[in-house]
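# Notes for the structure review
The chain contents come next:
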Amino acid sequence: QARLVESGGGLVQAGGSLRLSCVASGIAFSISTMGWYRQAPGERRELVATITTTRTTNYPDSVKGRFTISRDNAENTVYLQMNSLIPGDTAVYYCSAKNELGGLTYWGQGTQVTVSS
């Protein structure tokens, strides 16, 4: 059974940093594109970062240069280092996994990130 468990969220002041972690089990982690998405109240879920099996990364302009996604295939873990946080980054952050050979996208339960001004 696929399971993604996020951790590392919390309350931080603007300009601060947080590191999110997502531990995966029950999936073929090494052949999955891993991602982070976020959803603020009343807003749609949006892409934050993705990393492929070849470690190609993708970021929207809103986080480019501030956030870094990485993966550790030995630990089945994906990370999101978030620096220079702004109040607009406040959201629930979700981890995702999609096998690059096809199939479902799996989601974690989310971790809350709150950035105070």
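Residues numbered from 1 in each chain as written. Predicted model: local features only at pLDDT ≥ 70, side-chain atom pairs only at ≥ 80, totals over all residues. Heavy atoms only, no water.

## Overview of the pattern of salt bridges
Rule in force here: The salt bridge criterion pairs a side-chain nitrogen of Lys or Arg with a carboxyl oxygen of Asp or Glu, the two atoms within 4 Å. Accessibility here uses a 1.4 Å probe with only protein chains present; expressed as a share of the type maximum, an area under 20% marks a residue as buried, one over 50% as exposed, and anything in between as partly exposed.
In this structure the tally under the stated criterion is four salt bridges. Ionic pairing is found between Arg-38 and Glu-46, a salt bridge with its closest N-O pair at 2.6 Å. In this structure Arg-38 comes out as buried when scored by relative accessible area, which is 6%. The class for Glu-46 is partly exposed, based on a relative accessible area of 36%. Across the pair Lys-64 and Asp-61 runs a salt bridge whose closest N-O atoms are separated by 3.4 Å.

## What to know about the side chain of Glu-6
Note the threshold: Helical segments are the DSSP runs of H or I of at least four residues, strand segments are the runs of E of at least two, and each set is numbered from the N terminus. Think of a polar contact as two N or O atoms within 3.5 Å of one another; within protein, one of them needs to be a possible hydrogen donor and the other a possible acceptor, and neighboring residues in sequence only count if both atoms come from side chains. Contacts were defined at the residue level, with two residues in contact if any of their heavy atoms lie within 4.5 Å.
Its location among the elements puts Glu-6 in strand E1 (residues 3-7). From its side chain, Glu-6 meets the backbone nitrogen of Gly-110 in a polar contact 2.9 Å long. Ignoring anything within four residues of it in the chain, the contact list for Glu-6 reads Ser-21, Cys-22, Trp-36, Tyr-93, Tyr-94, Cys-95, Gly-108, Gln-109, Gly-110 and Thr-111.

## So, the packing of aromatic side chains
This is how the line gets drawn: Classification of ring pairs rests on two measures: the distance between centres of Phe, Tyr or Trp rings, Trp counted by its six-membered ring, which must be within 6.5 Å, and the angle between planes, read as stacked under 30 degrees, edge-to-face over 60 and tilted in between. Two conditions define a charge sitting above a ring: the NZ of Lys or the CZ of Arg must be within 6 Å of the ring centre, and it must be within 35 degrees of the ring normal.
The tally for this structure, following the rule as stated, stands at one aromatic pair. Taking 5.1 Å as the distance between ring centres and 70 degrees as the angle between the ring planes, the aromatic pair formed by Tyr-37 and Trp-107 counts as edge-to-face. Of this pair, Tyr-37 sits in strand E4 (residues 32-39) while Trp-107 sits in strand E10 (residues 105-107), and the two are 70 residues apart along the sequence. Residue class for Tyr-37 comes out partly exposed when judged on its relative accessible area of 23%. When its relative accessible area of 36% is taken as the criterion, Trp-107 is described as partly exposed. Geometry around Tyr-79 places Arg-19 over its ring, the cationic atom sitting 3.9 Å from the centre. We note Arg-71 situated over the ring of Phe-29; from NZ or CZ to the ring centre the distance is 4.8 Å.

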